[in-house]
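Observations on the model geometry
Spelled out, the chains give:
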Amino acid sequence: MAMQSMTLSRPPVARSRTDGLYEWVTTVDHKRIGVMYVLLALGFLVIGGLEAAAMRLQLIRPHADYVSPRVFNQIMTMHGTTMIFFVAMPLLFGFINYLVPLMIGARDMAFPRLNAFSFWLTAFGGLLLYYSVIGGYGLYGDGNAPEVGWWAYAPLTARAFSRGHSSDYWTLSLLVSGFGTILTSINIIASVLCTRCRGMTLGKMPLFAWMSATMAVLAILAIAPLTAAQMMLMVDRYLGGHFFDTQAGGSAVLWMHFFWIFGHPEVYVLIVPTFAFVSEIIPVFSRKAMFGYPIMVAATVTIAFISLSVWAHHMFTVGMSASSTTFFMITTMAISVPTGIKIFNWLATMWGGKISFKAPMLFCIGFLLQFLVAGLTGVMLATAPLTWQLGNSYFVVAHFHYVILGGIFFGTFGGFYYWYPKVVGRMYSGTLARWHFWLFVIGFHLTFDFMHIPGFLGMPRRIYTYEPGRGWDVWNFIVAIGAAVQIVATAVFILNVLWSARRGPLAGNDPWDAWTLEWSTTSPPPAYNFATLPTVKSRRPLWDLKHPEDPDWKYE
Amino acid sequence: MTRTGSASEKESTVETMPRTTDDAPWTLPSAGKVGMFALIGAESAIFVIFITAYTFYLGKSVSGPTPEILSPPIFLSACLLSSSATLEASIGNLKRGNTRAFAILWLATLALGAIFLVGTGFEWRHLIVDEGLTISTNLFGTTYYSLVGLHGFHVTVGLLLMALVAVFAGLGKVTRDHESKLEVLSLYWHFVDIVWVVVFTLVYVVGR
């Protein structure tokens, strides 16, 4: 189809590159806020990645002493906190912020100023976390990072065991960014429900919007308990409270419950937007409409619902009653049913399609395979007796990195390449993208496939070094090599992002011949998104437009 | 779906997205209300965690005063709950254009909320000075002051917001157009009242 004749809005408005810092800092435009979220996340990705590299270097051989035990604990804490709260969350919120209004044919989010406020809360939360390095003991410029682990189990966080203020910066950081997350989730829900363009009923929304809204509901229900628990921790540390003070009858296990009632839904907060990316990319690159749209929506909502009742599978080893253990085993296994439905729906979408193996699709295929493996080790760990054996070992570390890196990050990289031309207006380099993909696949599998093995051999997680001669040495060496390959792959990715933003060929409005509304406007879209607000009749409005002889709305 | 027809297809050109056939009204829920309900969802989750902690720690204090020292603040609770009614009546009057009745009932709401807050202050003073119960005394003190204090904080925020509206009303700036915004605020206030029903039942009835 000749796309030029189908331009749906005015030619690109001169969006000058000279817009200064002031315009960016004061913006309430959902697209700029989205871009700032992503840039914030990429900045923290580099920091969190270097922290991971430092840990793998320390563990590359037995009895290494590149970092002290204490510093190792700090790096471990910062790596976990950074990657979850300041890389994964802002990255996904960035995508959702940028894309949801465009996909539902709106000019902005429901509450643009609240949107900017949420972003700055998240950004300052990240700064607070790292400020602890300078301000941990007051204003002497001599601080230390929090060293209580990202889960901050009691009584590690009691004043007696965590001196100074580093744990307080951790708490404040999560409180502040948590408010940002809750507010932006409220905004996403209100936007999806209240700003859809004419004709876009709930049943005609792109799956992306459905999944973003589901994620927002889940984020509210997950982050709010964490916020409450952090408030209690503040009461304990500053007002002499006893919530988690075992000396005064308080319970350390209650903190674990509160933390994981946040912690497990959080996994789904991160993976559901990834499902959203994959659900948009796979149909376009298979040249088929999404298979089983209503079932996909139902499965997403079911996953969100069940994920609120699985948290204590993180606690099989603390000695819960048999009935609790059984309950959480059953719910955890039940969640694999809707997840399996999704995987089959994606496969059915690809089945018989004309698949084009461009970078977004490559990453989605990587996502499918790796997420499947992550799910399978997840079912293993859902079995309490197996967790009694493998809990707190490197097997668990390998499992959840398979989910987060192999699943969430692969899907997100796919989304990154898919929407890059829309956001930047220029195509990325396909060659560099393929290098990124294959290097990352190799590095990922070197690291995390082999990381399962020391877990089976009994290597506990969170240790700063180990004895030689336990059969762990060679596996840790391979894992470290894989980490190095991943660093190279990420460098290729960043190079591609920076280079293509200046030198890439112009992308045009719709480089993928796609079907959702964001491709109907210019790349990058003007501040107002659409000159005339669109009206839709089916789930694939651009298909209807390109194929007036055979529109979707005849069949839906 | 059923939105088909020929009239629209003639209209749809390459320049515009296809139109729906009818100019059927396209109504969506109010963003303010949806946003407030979402916020209430988040607040509920926060309160659930504090309520869980209070319930879990009932009777687990190893020393110090127990919940038996509490006496139910029945008058204060009546004030707080009736403030929901005055608030509704106030907004109803604004809808009908009775700005004077609106302002009087609004101030009554504000006053009832303030009585609750001041009364809680006196109750706490009694607990601290006469009974020797502070937030750091024992688990009961920690959980009691946190839960009731969290609710009190929400009352305070509500009062500040309503005071702001009262200032605008005093300047004659609140008109019928603002009714939907005040309704969003009223959702918050009703939520704060409902939370008090739960907290009162748990702390002063069941847990004592």
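Note that the structure is predicted; figures quoted are calculated from it, not measured.

1. Here we look at the overall build of chain A
Scanning chain A for helices and strands turns up 16 helices and zero strands. Whereas a compact globule of 556 residues would reach a radius of gyration of roughly 24 Å, chain A reaches 23 Å, a difference of no more than 12%. Each principal axis of the C-alpha atoms in chain A carries an extent, and together these give about 70 × 50 × 45 Å. The long-range fraction of contacts in chain A, counting pairs at least 24 apart against all pairs at least 6 apart in sequence, stands at 81%.

2. Overview of the overall build of chain B
Each helix and strand in chain B was counted, giving six helices and zero strands. Along its sequence from the N terminus, chain B presents helices and strands in the succession α-α-α-α-α-α. Considering only contacts in chain B between residues 6 or more positions apart, those separated by 24 or more positions represent 78%.

3. Examining the interface of chain B and chain A
At the junction of the two partners, chain B supplies 35 residues and chain A supplies 43 residues. Contributing elements (two or more residues each) for the side of chain B that touches chain A: helix 2 (31-57) and helix 5 (139-170) of chain B. In terms of residues, the side of chain B that touches chain A owes the most to one element, helix 2 of chain B, which gives 13 residues. Of the residues belonging to the side of chain B that touches chain A, the class tally is 21 nonpolar, 11 polar and three charged.

4. Some details on the environment of A:Leu233
You can see A:Leu233 is positioned in helix 6 (residues 207-239). In this structure A:Leu233 touches A:Thr157, A:Thr171 and A:Phe244, once residues within four positions along its chain are discounted.

5. Quick notes on unusual backbone geometry
Residues and elements named next belong to chain A. Cis geometry is adopted by the peptide bond preceding proline 155, which originates at alanine 154 and carries an omega value of 0°. Residue placement: proline 155 occurs in the loop between helix 4 (112-135) and helix 5 (166-194). A cis geometry characterises the amide bond from serine 523 onward to proline 524, with omega recorded as -10°. Residue arginine 462 is not a glycine yet carries a positive backbone phi of 65°. As for its position among the elements, arginine 462 is in the loop between helix 14 (430-456) and helix 15 (473-503). With 13 C-beta atoms counted inside 10 Å, the residue arginine 462 sits in the partly exposed group. Even without being glycine, asparagine 529 reaches a positive phi, approximately 70°.

6. Describing the confidence of the model for chain A
Confidence in the prediction of chain A, expressed as mean pLDDT, is 93, and 95% of residues score 70 or more. Per-residue pLDDT stays below 50 along residues 1-14 of chain A; that stretch engages in 23 contacts with residues further than four places along the chain or on separate chains.

7. So, the nonpolar core
All names here are of chain A. Ranked by size, the top nonpolar core spans 216 residues in total, and within it Ile189, Leu218, Ile220 and Val272 carry the most contacts. Tallying contributions element by element places helix 6 first for this core, with 22 residues. With residues up to four places along the chain from it excluded, the contact list for leucine 218 reads Pro265, Tyr268, Val269, Val272, Ala304 and Ser307.

8. Re the environment of B:Pro72
Residue and element names in this part refer to chain B. Of note, proline 72 is situated in the loop between helix 2 and helix 3 (74-95). Residue proline 72 is classed as exposed on the basis of its 12 C-beta neighbours within 10 Å. Separated by 12 residues in sequence, proline 72 and lysine 60 place their C-alpha atoms 21 Å apart.

9. As for helix 6 (residues 179-206) of chain B
Residue and element names in this part refer to chain B. Across its 28 residues, helix 6 extends 39 Å between first and last C-alpha, which sits within 8% of the 40 Å expected from 1.5 Å per residue. Along helix 6, the helix axis deviates most sharply at phenylalanine 200, where the bend reaches about 25°. Among the residues of helix 6, Leu182, Trp189, Phe191, Val192, Asp193, Val195, Trp196, Val199, Phe200 and Val203 are the ones counted as buried. Close packing links the buried residues of helix 6 with helix 2, helix 3 and helix 5.

10. Thoughts on the confidence of the model for chain B
Here chain B shows a mean pLDDT of 90. Residues at 70 or above account for 89%. Across residues 1-20 of chain B the pLDDT falls below 50, and counting only partners more than four positions away or on other chains, this stretch makes 36 contacts in the model.

11. Some words on helix 6 of chain A
Here helix 6 of chain A is 33 residues long and its end C-alpha atoms lie 47 Å apart, about the 48 Å a rise of 1.5 Å per residue gives. When you tally the buried positions in helix 6 of chain A, you get 28 out of 33 residues, the bulk of the element.

12. Topic: the packing of helix 7 (residues 252-286) of chain A against helix 8 (residues 293-307) of chain A
Residues and elements named next belong to chain A. Where helix 7 meets helix 8, the axes come as close as 9 Å, and the angle between the chain directions of the two elements is 165°. Viewed along their axes, helix 7 and helix 8 adopt a mutual orientation that is roughly antiparallel. Where helix 7 crosses over helix 8, the handedness of that crossing is right-handed. Across the interface between the two elements, His264, Pro265, Tyr268, Val272, Phe275 and Ser279 of helix 7 pack against Met296, Thr300, Ile303, Ala304 and Ser307 of helix 8. Broken down by class, the residue content of the contact of helix 7 with helix 8 amounts to seven nonpolar, four polar and no charged.

13. Focus: the environment of A:Ser279
Residues and elements named next belong to chain A. The topology assignment puts serine 279 in helix 7. In this structure serine 279 comes out as buried when scored by C-beta crowding, with 25 C-beta atoms within 10 Å. When the C-alpha positions of serine 279 and phenylalanine 291 are compared, they lie 9.6 Å apart, and in sequence the two are 12 residues distant. Setting aside anything within four residues of it in sequence, one finds serine 279 in contact with Leu207, Phe208, Met211, Met290 and Met296.

14. Topic: the packing of helix 3 (residues 69-103) of chain A against helix 7 of chain A
Think of two packed helices as two axes; the pair is described by the angle between the axes and how far apart they sit. All names here are of chain A. Interaxial distance between helix 3 and helix 7 falls to 10 Å at its minimum, and their mutual angle equals 35°. For the element pair helix 3 and helix 7, the recorded crossing hand is left-handed. Of helix 7, the residues touching helix 3 (which contributes Ile84, Ala88, Leu92, Phe95 and Ile96) are Glu266, Leu270 and Pro273. The residue inventory of the contact of helix 3 with helix 7, partitioned by class, reads seven nonpolar, no polar and one charged.

Procedures and definitions
- Residues numbered from 1 in each chain as written.
- Chains lettered and ligands numbered in written order.
- Predicted model: local features only at pLDDT ≥ 70, side-chain atom pairs only at ≥ 80, totals over all residues.
- Helix = DSSP H or I, 4+ residues; strand = E, 2+ residues; numbered from the N terminus.
- Rg over C-alpha atoms; globule rule 2.2 N^0.38 Å.
- Contact = placed C-beta atoms within 7 Å.
- Nonpolar A, V, L, I, M, F, W, Y, C, P; charged D, E, K, R; others polar.
- Buried ≥ 20, exposed ≤ 12 C-beta atoms within 10 Å, placed from the backbone.
- pLDDT = per-residue confidence, 0-100.
- Core = buried A, V, L, I, M, F, W, Y, C linked by C-beta atoms within 7 Å.
- Expected span 1.5 Å × (residues − 1).
- Bend = angle between axes of the 7 residues up to and from the residue.
- Axes fitted to C-alpha atoms, helices over the stretch in contact; angles between N-to-C directions.
- Parallel < 35°, antiparallel > 145°, perpendicular 65-115°, else oblique.
- Left-handed = near helix turned anticlockwise from the far one by under 90°.

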